[in-house]
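Read off the chains here:
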Amino acid sequence: MPIPLTALLLTLVVPQPISLAGFVQASTTPPSRDASGWVAQKQAGALAPSLQGKPVVVDIYADWCSKCQTIAPTLRSLQQKKAGKATFLKFDVSNASALKQSRERARALGLGAFLEANRSEPSLVAVINPATGVAVQTFRASTDDGAYSAAIKKTQAMLKP
């Protein structure tokens, strides 16, 4: 059964579901996006006990990614400045072997869904609330130390009783 052109165009423009006779509606929920427009992956719950109490800064990294190389000094400096105040994790997606190891580690830490949702986004850095597993803020190829610090501070405030 051919789909009328107007019905097809409406499905591309109108954000609500449209019923077309003879077709099955697929239900998909679009990913939520944070203020910067990047996917803010929501987790099912708290991260691993070893990550609790401090904001978690996750870096999706690939050694072939020039943007990853550009932000690396900023993240190293931030890690030194925030030692003891935040947990820093790097998930390497450079190749199949590195991705496999990163997946295993991410699953063990409660970040498996986050990595799967963002593994094709090298140079993405997220500040995550470990109590909820939700990305408070995400950055893409940012060298703005102040913005990272502000996101960490905001997450720390969320963690205080």
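Since the structure is predicted, the reported quantities are computational estimates derived from the model, not experimental observations.

Explain the packing of aromatic side chains to me, please; I cannot follow it from the model alone.
Enumeration over the complete set of coordinates arrives at one aromatic pair. With 4.5 Å between their ring centres and 55 degrees between their planes, Phe139 and Tyr148 make a pair best called tilted. There is no split in this pair, since Phe139 and Tyr148 are both buried. A cation over an aromatic ring shows up here: Lys90 above the ring of Tyr61, its NZ or CZ 4.4 Å from the ring centre.

Just to check I follow, could you spell out the sheet that holds strand 3 (residues 124-129) for this structure?
Strand-to-strand pairing in sheets goes through backbone hydrogen bonds, with the strands running parallel or antiparallel. Strand order in the open sheet made by the four strands is 2-1-3-4, with mixed pairing throughout. One side of each edge strand has no neighbouring strand; the edge strands of this open sheet are strand 2 (87-92) and strand 4 (134-140). Direction aside, neighbouring strands of the sheet carry axes that sit 20 degrees apart on average. Of the pairings in the sheet, the one linking strand 1 (residues 56-61) to strand 3 comprises four bridges and is antiparallel in character. Along strand 3, the bridge assignment pairs Val58 with Ala126.

What counts and how
- Residues numbered from 1 in each chain as written.
- Predicted model: local features only at pLDDT ≥ 70, side-chain atom pairs only at ≥ 80, totals over all residues.
- Heavy atoms only, no water.
- Phe/Tyr/Trp six-rings, centres within 6.5 Å; stacked < 30°, edge-to-face > 60°.
- Buried < 20%, exposed > 50% of the residue type's maximum accessible area, 1.4 Å probe, protein only.
- Lys NZ or Arg CZ within 6 Å of the ring centre and 35° of its normal.
- Pairing = 2+ DSSP bridges.
- Helix = DSSP H or I, 4+ residues; strand = E, 2+ residues; numbered from the N terminus.
- Axes fitted to C-alpha atoms, helices over the stretch in contact; angles between N-to-C directions.

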